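# Close look at the chain arrangement
Each chain, written out:
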Amino acid sequence: MTARAIITEIELRRMAKVAKRDGVRVEVEIGGRLFRVAPDNAKQAAVDEQEEIRL
């Protein structure tokens, strides 16, 4: 039997959609583990230079 996924495929797809649409890196912490999804485009360089925003 396989272990339950920490983060579901649906959640990953949702994060990827937001990251790609808005050109930002999306982070979520679950159970002490940090998951990041970032777009693969030139906008990411501009995002990295900005101040970090914690929600």
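Right, let's walk through the structure included here. These figures come from a predicted structure and were not determined experimentally.

If you tally the helices and strands in the protein chain, you get two helices and two strands. Listing the helices and strands of the protein chain from first to last along the sequence gives α-β-β-α. Sequence separation of at least 24 residues holds for 13% of the intrachain contacts in the protein chain that already meet a minimum separation of 6. Just so you have it, the protein chain exposes about 5,100 Å², and 51% of that area is on carbon and sulfur atoms.

Moving on, we come to the nonpolar core. Counting residues in each nonpolar core, the largest one holds five residues, listed as Ile7, Met15, Ala19, Val26 and Val37. Ignoring any residue separated from it by four or fewer positions in sequence, one finds Ile7 in contact with Leu12, Met15, Val28, Ile30 and Phe35.

What counts and how
Residues numbered from 1 in each chain as written. Predicted model: local features only at pLDDT ≥ 70, side-chain atom pairs only at ≥ 80, totals over all residues. Heavy atoms only, no water. Helix = DSSP H or I, 4+ residues; strand = E, 2+ residues; numbered from the N terminus. Contact = heavy atoms within 4.5 Å. Areas by Shrake-Rupley, 256 points an atom, 1.4 Å probe, with all protein chains shown as cover. Core = buried A, V, L, I, M, F, W, Y, C linked by side-chain atoms within 4.5 Å. Buried < 20%, exposed > 50% of the residue type's maximum accessible area, 1.4 Å probe, protein only.

Shape descriptors only; they carry no functional weight alone.
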